Amino acid sequence: MTAITVAAALELPAFRRGLPEVVAAADRLDREIRWVHAAEVPNIAALLKGGELLLTTGMGIGDRTAEQRRFVLRLAARGVAALVVELGTRYGTLPAALVETAEAQGLPLVQLHREVPFVAISEAVLTEIVNDHHATLRAGERALRRCTDAAQDDGAAGVLAVLAEHLGRPVRLEDRRGGLVHLAVPPGHPADGWDARGPAGVAVPIPDTSLRLTAPSAARPFDRIAAEHAAGLLAILLRQARQEEELTARTRGDFLADLAAGRIDDPARRARPLGFQHVAGPLVPVVVRLPAEPFGNGWERARHAFDGLPALLGIRPARGWICALVAVRSRRERAALADRIADRLTDAGPVTVVGDALPWEAVGGELAYALLAAEAAEALPPRRWHDARRLEVDVLLWRLDGGPELAAFVDRALGPLLEHDRVRPQPLLPTLAAYLGHGAHRTGRKTEAARALRVNRQTLYDRLSRIAALLDADLDDPECQLRLRLALRALDRIPPADRPDRPAAGVRRRRP
């Protein structure tokens with residue numbers, strides 16, 4: 001039930017007829033009265049719950065100073081709102097011990113100079129409490145209706161605005177970390193300090209989301225009911241918005257899939273109803289393969305990565321990718337665009353592949369290739385973003401994944417070296433990789449390879465000689481180098497358990 005303050009109660013006609021005088025804790029008259037009780041027994045404090053206005057003639061207070069102090073201390077400990085003593089029956093003036101203890105405990109103490117029926121005071125105060133309670137209920141019901149109407153007319157922002165007006169306090173919509181998603185401020189209320197996280201008296205989670213509603217402490221019990229009702233409406237609105245967004249993203253994903261498959265004759269015209277008005281100029285296909293569910297937290301991060309860009313963004317959940325066409329003014333903007341998207345995707349952990357910038361009539365084929373490149377790039381070392389134009393070899397090797405040809409090729413090219421490294425403490429494969437990786441056929445690259453391996457040149461020469469003997473290969477021959485580079489790239493795509501580490505049965509190794 002709603003409460004009124006001690007100060008408000010003292011202004012009621014029934015109270016004023018008793019000529020009330022506040023003699024202690026006059027600065028605490030804002031304390032709220034939950035109930036009214038009249039009693040004349042010493043141990044009345046044990047029967048109270050707190051928030052009561054206690055009326056008495058003083059018969060149960062006691063004659064001795066210690067009894068008077070104990071009486072007040074027990075009432076203060078119970079959280080009584082105020083003590084009202086009617087003069088004349090027991091006291092002509094209130095004892096000093098009573099007044100001093102009440103002042104020290106911050107318990108408002110009121111003396112009535114004229115006799116007045118306690119029942120009249122009780123009825124007056126309780127009537128105000130009940131009336132205020134009914135008024136609160138009516139205001140709450142109006143707030144619920146207004147929230148529902150706002151949900152239909154103005155969406156989530158409208159619901160929050162109505163709730164803030166009802167509470168008379170700013171309302172925050174926060175994420176799970178307390179970050180501000182939306183702030184609603186009631187008319188005439190300063191928003192200072194509420195653009196940052198603040199203390200919340202009302203904190204209500206939004207069902208099925210990671211969001212919550214918060215507002216400073218509210219006095220009325222119905223305020224939390226109103227906040228919970230608003231939270232339920234927001235959950236429905238957000239669910240609807242999410243479903244609409246997912247449907248739109250899937251529709252755009254279907255369009256991009258058809259474009260990549262060559263099933264669209266006039267893609268610029270078909271893209272306009274999807275909200276993409278770009279007609280002329282190059283387009284950059286971008287494919288993001290997500291490590292988690294396609295439409296969830298990963299989608300939110302990917303969508304954020306394309307915010308502010310002229311992009312057509314779609315999703316194919318079954319394939320686990322998000323795909324986009326981004327309009328640029330020239331091909332020179334492609335690298336800067338890729339860096340911008342990669343910077344925003346740093347924490348998402350995806351594989352990002354960026355294709356070439358091409359016009360509408362050619363971008364479908366580039367998009368199809370970018371999708372293949374994204375599949376192939378999953379097995380490559382992590383990069384901020386992969387350039388689809390540099391993944392031709394990886395795409396070719398990826399197409400051979402799962403077949404015997406790739407393992408057989410690696411076995412024929414590197415088998416003896418892998419067998420050596422399996423049984424010897426000093427592996428030679430890193431030496432071959434460093435040698436080929438630093439441009440084996442170019443002058444001075446052996447020095448760089450030795451530096452990368454942290455060995456001297458003579459040690460490098462000795463290791464290369466042993467590798468050449470194991471493979472029966474001329475490591476200076478360009479054709480041999482190409483073959484070994486491909487074999488090393490292919491080896492990265494073969495799981496360790498499936499890698500050849502000894503001569504395959506029935507296979508005679510040939511000199512490269």
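That block above? That's the structure.
The following paragraphs examine the structure supplied in this document. Just so it is clear, the structure is predicted and the values come from calculations on it, not from any experiment.

Another aspect to go through is the overall build of the protein. When helices and strands are counted, the protein shows 16 helices and 16 strands. Buried residues in the protein amount to 44% of all 512 residues. In the protein, the proportion of contacts linking residues at least 24 apart, taken out of those at least 6 apart, comes to 67%.

Moving on, we get to the environment of leucine 160. The topology assignment puts leucine 160 in helix H5 (residues 118-167). Setting aside residues no more than four positions away along its own chain, leucine 160 makes contact with Val171, Leu173, His182, Ala184, Leu213 and Leu234.

Glancing now at helix H10 (residues 360-377). Across its 18 residues, H10 extends 25 Å between first and last C-alpha, which sits within 8% of the 26 Å expected from 1.5 Å per residue. Residues Trp360, Val363, Gly364, Glu366, Leu367, Ala370, Leu371, Ala373, Ala374, Glu375, Ala376 and Ala377 constitute the buried set of H10.

Following the sequence through the fold, alanine 143 ends up in helix H5. For alanine 143, a relative accessible area of 6% gives the class buried. Along the chain, alanine 143 and alanine 230 lie 87 residues apart, while their C-alpha atoms are 9.4 Å from each other. Those residues in contact with alanine 143, other than ones at most four positions away along the chain, are Val162 and His166.

Where helix H13 (residues 429-437) meets helix H15 (residues 457-471), the axes come as close as 10 Å, and the angle between the chain directions of the two elements is 105°. Here H13 lies roughly perpendicular to H15, going by the angle between them. Facing Thr431, Leu432 and Tyr435 of H13, the residues of H15 in contact are Leu460, Arg463, Leu464, Ile467 and Leu471. The residue inventory of the contact of H13 with H15, partitioned by class, reads 6 nonpolar, 1 polar and 1 charged.

An order of S9-S8-S11-S10 is seen for the 4 strands of this open sheet, with the pairing classed as antiparallel. Unpaired on one side and paired on the other, strand S9 (180-184) and strand S10 (202-205) mark the two borders of the sheet. Put simply, the sheet's adjacent strands are angled 20° from each other on average, direction ignored. Of the pairings in the sheet, the one linking strand S8 (residues 171-174) to S9 comprises 4 bridges and is antiparallel in character. Bridging across to S9, leucine 173 finds its partner in histidine 182.

Turning to the nonpolar core, a few remarks are in order. Soluble globular proteins: nonpolar side chains tend toward being buried together. In terms of nonpolar packing, the biggest core is built from 30 residues, with Phe255, Leu256, Leu259, Val287, Val353 and Trp360 touching the most fellow members. Looking at this core, the elements with two or more residues in it are helix H6 (221-260), helix H7 (267-271), strand S12 (283-289), strand S14 (321-327), strand S15 (351-354) and H10. Sorting elements by how many residues they give to this core places H10 first, with 9 residues. When sequence neighbours within four positions are dropped, the list of residues in contact with tryptophan 360 reads Phe255, Leu259, Pro267, Ala268, Ala271, Phe276, His278, Val279, Leu283 and Leu325.

Conventions used here
Residues numbered from 1 in each chain as written. Predicted model: local features only at pLDDT ≥ 70, side-chain atom pairs only at ≥ 80, totals over all residues. Heavy atoms only, no water. Helix = DSSP H or I, 4+ residues; strand = E, 2+ residues; numbered from the N terminus. Buried < 20%, exposed > 50% of the residue type's maximum accessible area, 1.4 Å probe, protein only. Contact = heavy atoms within 4.5 Å. Expected span 1.5 Å × (residues − 1). Axes fitted to C-alpha atoms, helices over the stretch in contact; angles between N-to-C directions. Parallel < 35°, antiparallel > 145°, perpendicular 65-115°, else oblique. Nonpolar A, V, L, I, M, F, W, Y, C, P; charged D, E, K, R; others polar. Pairing = 2+ DSSP bridges. Core = buried A, V, L, I, M, F, W, Y, C linked by side-chain atoms within 4.5 Å.

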